[in-house]
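A closer look at the structure
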Amino acid sequence: MDMYSVGCGFLAGLVTYRMCVGLVGLGRIVLFFKEVEKHSILVLASVAESLAYIQQVKINSMVDSGYPEETIKMTRDVDGHTFELWKASVIANVTSNYPKYISPSYETWEEALELLDMIYHKKRKLDKTGVS
């Protein structure tokens, strides 16, 4: 065999190897990103639950303090509207920062909560079977 054939074979093997390593690495990045996505949904749901609790405590304190009913209703409406805006803003910010080659598993708050439900159901099934 001449050196030209050996060199071309070497370069072809090198290119093939780099392409395979790149594809495997990309696959691992996607899996890692999807796992981060699940954990970020868990954190966001926890924050949303805490915000809802704080808003309810605020309303209960207003009722106990004797605020007028219209003030309480207005506060409840403003808090509800602000909370909905916050949820939409969070989802928009998270999904807009995804890499172009990874599509988000959700596009709305409700879809994110559905994904969270699936995560919990899957975890419960694993816990019941004893398999991790």
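Rules behind the numbers
Residues numbered from 1 in each chain as written. Predicted model: local features only at pLDDT ≥ 70, side-chain atom pairs only at ≥ 80, totals over all residues. Heavy atoms only, no water. Helix = DSSP H or I, 4+ residues; strand = E, 2+ residues; numbered from the N terminus. Rg over C-alpha atoms; globule rule 2.2 N^0.38 Å. Buried < 20%, exposed > 50% of the residue type's maximum accessible area, 1.4 Å probe, protein only. Contact = heavy atoms within 4.5 Å. Lys, Arg positive; Asp, Glu negative; His and termini not counted. Charge placed at Lys NZ, Arg CZ, Asp CG, Glu CD. Expected span 1.5 Å × (residues − 1). Arc of directions from axis to C-beta. Salt bridge = Lys/Arg side-chain N within 4 Å of Asp/Glu carboxyl O. Phe/Tyr/Trp six-rings, centres within 6.5 Å; stacked < 30°, edge-to-face > 60°. Axes fitted to C-alpha atoms, helices over the stretch in contact; angles between N-to-C directions. Parallel < 35°, antiparallel > 145°, perpendicular 65-115°, else oblique. Nonpolar A, V, L, I, M, F, W, Y, C, P; charged D, E, K, R; others polar. pLDDT = per-residue confidence, 0-100.

1. Quick look at the overall build of the chain
Within the chain, the secondary structure is distributed over three helices and zero strands. Reading the secondary structure of the chain in the N-to-C direction produces α-α-α. For the chain, whose C-alpha radius of gyration is 25 Å, the value lies well above the compact-globule estimate of 14 Å for 132 residues. Counting every position in the chain, which comprises 132 residues, the buried fraction comes to 17%. Of all intrachain contacts in the chain linking residues separated by at least 6 positions in sequence, the fraction that spans at least 24 positions is 61%. Measuring between centres, the 14 positive side-chain charges of the chain sit 9 Å from its 16 negative side-chain charges.

2. Here's the deal with helix H3 (residues 109–129)
Compared with an ideal rise of 1.5 Å per residue, which puts 21 residues at 30 Å, H3 spans 31 Å between its outermost C-alpha atoms and is within 8% of the ideal. Those residues of H3 that fall on the buried side of the exposure criterion are Trp 109, Ala 112, Leu 115, Leu 116 and Ile 119. Buried residues along H3 cover an arc of 120° about the axis, so they all sit on one side. Those residues of H3 that are exposed and angled more than 90 degrees off the buried face are Glu 114, Met 118, Lys 125, Lys 128 and Thr 129. Along its buried surface, H3 packs onto helix H1 (3–65) and helix H2 (69–96).

3. Some points on the pattern of salt bridges
Taken as a whole and judged by the stated rule, the model has four salt bridges. Put simply, Lys 34 and Glu 37 hold a salt bridge, and the shortest N to O gap is 3.9 Å. Pair noted here: Lys 34 and Glu 37 are both in helix H1, with a separation of three residues, about one helical turn. Of the residues examined, Glu 37 reaches a relative accessible area of 4% and is grouped as buried. For Asp 77, the salt bridge goes to Lys 73, with nearest N and O atoms at 3.0 Å. Taken as a pair, Asp 77 and Lys 73 lie in helix H2 at a separation of four residues, close to a single helical turn. Residue Asp 77 is classed as partly exposed on the basis of its relative accessible area of 41%.

4. Concerning the packing of aromatic side chains
Inspection of every chain in the model, using the stated rule, returns three aromatic pairs. The interplanar angle of 75° and the centroid separation of 4.9 Å between the aromatic rings of Phe 33 and Tyr 98 together place this pair among those described as edge-to-face. Residue Phe 33 is found in helix H1, and its partner Tyr 98 is found in the loop between H2 and H3; the two are separated by 65 residues along the sequence.

5. Observations concerning the side chain of Asp 79
On the secondary structure map, Asp 79 appears in helix H2. Once residues within four sequence positions are removed from consideration, Asp 79 is found in contact with Gln 55 and Lys 58.

6. Points about the packing of H1 against H2
With their axes 10 Å apart at the nearest point, H1 and H2 run at an angle of 170° to one another. One way to sum up the angle between H1 and H2 is to call them roughly antiparallel. The segment H1 lies against H2, with Leu 44, Val 47, Ala 48, Leu 51, Gln 55, Lys 58, Ile 59, Met 62 and Val 63 engaging Thr 71, Ile 72, Thr 75, Arg 76, Asp 79, Phe 83, Trp 86, Val 90 and Val 94. Class assignment for the residues of the contact of H1 with H2 results in 12 nonpolar, three polar and three charged.

7. Some words on the confidence of the model for the chain
Predicted coordinates in areas of low pLDDT are best not read in detail. When pLDDT is averaged along the chain, the result is 88, and 97% of the positions lie at 70 or above. Of all secondary-structure elements in the chain, the lowest mean pLDDT belongs to H3, at 82, while H2 reaches the highest, 93.

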